[in-house]
Amino acid sequence: MSRIFSGIQPSGDLHVGNYLGAVKNWVALQHQFESFFCIVNYHAIIAPYEPADLRRRTHDMAVGLLAAGIDPTVATLYVQSQVPEHTELAWILNTITPLGELERQTQFKDKASRQEQVMAGLLNYPVLQAADILLYRADVVPVGEDQVQHLELSRVVARNWNARFSPDTPFFPEPQPKLTPTRRLVGLDGQAKMSKSLGNTIGLLETPDAIWDKLRPAVTDPARQRKTDPGNPDLCPIIYQLHRAFSPEGTVREVEENCRGAKWGCIDCKKSLLTNLVAELTPIRERATELQSHPERVTEALDIGAAKARVIAHQTLTEVKNKMGLPLA
Ligand code: AQP
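Residues numbered from 1 in each chain as written. Predicted model: local features only at pLDDT ≥ 70, side-chain atom pairs only at ≥ 80, totals over all residues. Heavy atoms only, no water.

Asks: How do you make sense of the nonpolar core when you look at a structure like this?
Replies: Looking at soluble globular proteins, one finds that nonpolar side chains tend to be buried together. Counting residues in hydrophobic clusters, the biggest one holds 56 residues, and the most contacted among them are Val16, Leu65, Leu215, Leu242 and Phe246. Taken domain by domain, the makeup of this core includes at least three residues from each of domain 1 (3-185 + 295-324) and domain 2 (205-289). Membership of the second largest hydrophobic core comes to 41 residues, among which are Ala90, Ile133, Leu135 and Trp161. (Core = buried A, V, L, I, M, F, W, Y, C linked by side-chain atoms within 4.5 Å. Buried < 20%, exposed > 50% of the residue type's maximum accessible area, 1.4 Å probe, protein only. Domains from an automatic or database assignment.)

Asks: Honestly, the site of the ligand in this entry has me stumped. Any pointers?
Replies: Within the structure, the ligand sits among 24 residues, and Ser11, Lys111, Asp146, Lys193 and Ser195 are positioned closest to it. A distance of 3.2 Å separates an oxygen atom of the ligand from a polar atom in the side chain of Asn18. About the coverage of the ligand: the protein hides 96% of its 650 Å² of free accessible area. Those elements giving two or more residues to the shell around the ligand turn out to be strand E1 (3-8), helix H1 (16-29) and helix H6 (106-113). With four residues, the single largest contributor to the shell around the ligand is H1. (Near = heavy atom within 4 Å. Polar contact = N/O pair within 3.5 Å; in protein donor to acceptor, adjacent residues only side chain to side chain. Areas by Shrake-Rupley, 256 points an atom, 1.4 Å probe, with all protein chains shown as cover. Helix = DSSP H or I, 4+ residues; strand = E, 2+ residues; numbered from the N terminus.)

Asks: What is the right way to look at the environment of Gln82 in this model?
Replies: Within the secondary structure layout, Gln82 lies in the loop between strand E3 (76-79) and helix H4 (85-94). On the basis of relative accessible area, Gln82 is assigned to the partly exposed category, the value being 29%. A C-alpha to C-alpha distance of 8.6 Å links Gln82 and Ala307, two positions 225 residues apart in sequence. Dropping the residues within four chain positions of it, Gln82 is found in contact with Leu302, Asp303, Ala306 and Arg310. Polar side-chain contacts of Gln82 include one of 3.4 Å to the side chain of Asp303. (Contact = heavy atoms within 4.5 Å.)

Asks: Sorry if this is basic, but what is going on with H4 here?
Replies: The α-helix advances 3.6 residues per turn, and as a result positions three or four apart in sequence lie on the same side. For H4, every residue scored as buried is listed here: Glu85, His86, Leu89, Ala90, Ile92 and Leu93. Viewed end-on, H4 has its buried residues packed into an arc of 165°, placing them on one side of the element. Those residues of H4 hidden inside the fold are in contact with E1, strand E2 (34-39), E3, helix H7 (120-134), helix H8 (148-165) and helix H13 (295-324). (Arc of directions from axis to C-beta.)

Asks: When you look at the packing of H4 against H13 in this model, what are you seeing that I'm missing?
Replies: Packed helix pairs are specified by the crossing angle of their axes together with the interaxial distance, meaning the distance between the axes. One can describe the packing of H4 onto H13 by two numbers: an axis separation of 10 Å at closest approach and a directional angle of 25°. One way to sum up the angle between H4 and H13 is to call them roughly parallel. Crossing of H4 over H13 shows left-handed handedness. Here H4 contributes Glu85, Glu88, Leu89 and Ile92 to the contact with H13, which in turn contributes Arg310, Ala313, His314, Leu317, Val320, Lys321 and Met324. Here the residues of the contact of H4 with H13 are counted per class, giving six nonpolar, one polar and four charged. (Axes fitted to C-alpha atoms, helices over the stretch in contact; angles between N-to-C directions. Parallel < 35°, antiparallel > 145°, perpendicular 65-115°, else oblique. Left-handed = near helix turned anticlockwise from the far one by under 90°. Nonpolar A, V, L, I, M, F, W, Y, C, P; charged D, E, K, R; others polar.)

Asks: Mind showing me how you'd approach the pairing of E2 here?
Replies: Along any regular strand, the residues point their side chains to alternate faces of the sheet. In terms of burial, E2 is largely enclosed, as five of its six residues are buried. As paired elements, E1 and E2 share six bridges and run parallel to each other. Within E2, the position partnered with Gly7 by the bridge is Cys38. At this point the chain moves from E1, through H1, to the parallel E2, and the crossover so formed is right-handed. Two elements, E2 and E3, share four bridges in a ladder whose sense is parallel. Bridge pairing in E3 links Cys38 to Tyr78. (Pairing = 2+ DSSP bridges. Right-handed = clockwise from strand over helix to strand, strands pointing away.)

Right, here's the structure in full:
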């Protein structure tokens with residue numbers, strides 16, 4: 001059975017961008033692949049944070065993932081810092097990663113330009129990500145579009161390491177991305193990618209009222225000033241994209257016709273979206289509420305996951321060290 005690996009940062013609440021771009025895919029793929037899903041808290045500490053918040057968010061992220069449908073008896077769900085081999089392999093891979101490859105990563109350039117002082121962790125983030133994936137020798141990585149460039153780097157790193165230390169039989173597979181139809185969900189600002197750190201999200205566990213408070217003022221086709229103006233759904237960055245992800249095909253066609261024909265106003269369209277969004281998210285929110293009242297179940301699932309992950313991680317690192325002439329502990 002081929003392996004998949006994917007990670008998510010506990011840097012805020014799970015949002016519909018994470019869900020549509022990655023997590024919904026994880027839930028489906030866990031039955032087809034040997035699956036490792038990691039709450040990547042070492043990645044999250046690159047930005048300033050409060051330790052108590054990080055602890056709570058890590059737990060809440062696990063709750064969200066389990067509620068969304070990750071089955072810990074099928075997939076391995078765990079927290080990155082509980083498997084020390086991630087950082088050990090990251091150091092090793094740093095030694096064969098050209099600096100120039102890291103400096104040209106779009107996410108690095110973008111985030112570094114917004115910070116007064118840039119920490120080395122921000123630059124080296126994709127190397128840790130490569131280590132996360134290669135540690136499990138994963139073939140496939142289900143992610144959103146924003147991670148595709150980082151994955152290219154993971155392939156470069158795998159190739160460099162194989163060429164240097166395992167030239168006859170490549171040890172690391174070159175991991176391939178697996179995207180969903182919603183590869184990049186725009187945030188509520190209608191500009192940037194929906195992202196925990198930008199506060200432009202619809203949380204996966206938010207109540208219908210809270211979701212409606214966000215949807216109602218959300219930008220639509222800017223050329224449409226009045227209900228009587230015909231709209232263009234393709235220029236409606238948030239609502240139409242969400243309809244396509246959450247509404248049945250018939251509704252998506254209805255939205256398209258009624259928008260172009262100026263039969264529905266944007267509020268009618270948003271109300272229809274809310275109904276479909278809430279229908280999919282309500283069972284997830286209810287499962288999350290149940291799990292929140294049993295924190296011990298969540299901790300137990302993560303501990304079992306970390307123990308399973310450590311077995312594979314240890315095997316990989318043992319072989320890596322052997323091939324590199326590094327004595328084992
Ligand atoms: N808007 C999105 N559309 C599609 N996929 C997305 N992903 C994230 N945002 C979108 C995918 O979700 C997985 C987890 O990514 P993450 O933890 O980096 O999520 P984030 O919300 O992007 O988190 P942050 O903390 O706000 O980080 P930055 O600001 O660095 O993006 C990934 O597979 C990602 O592709």
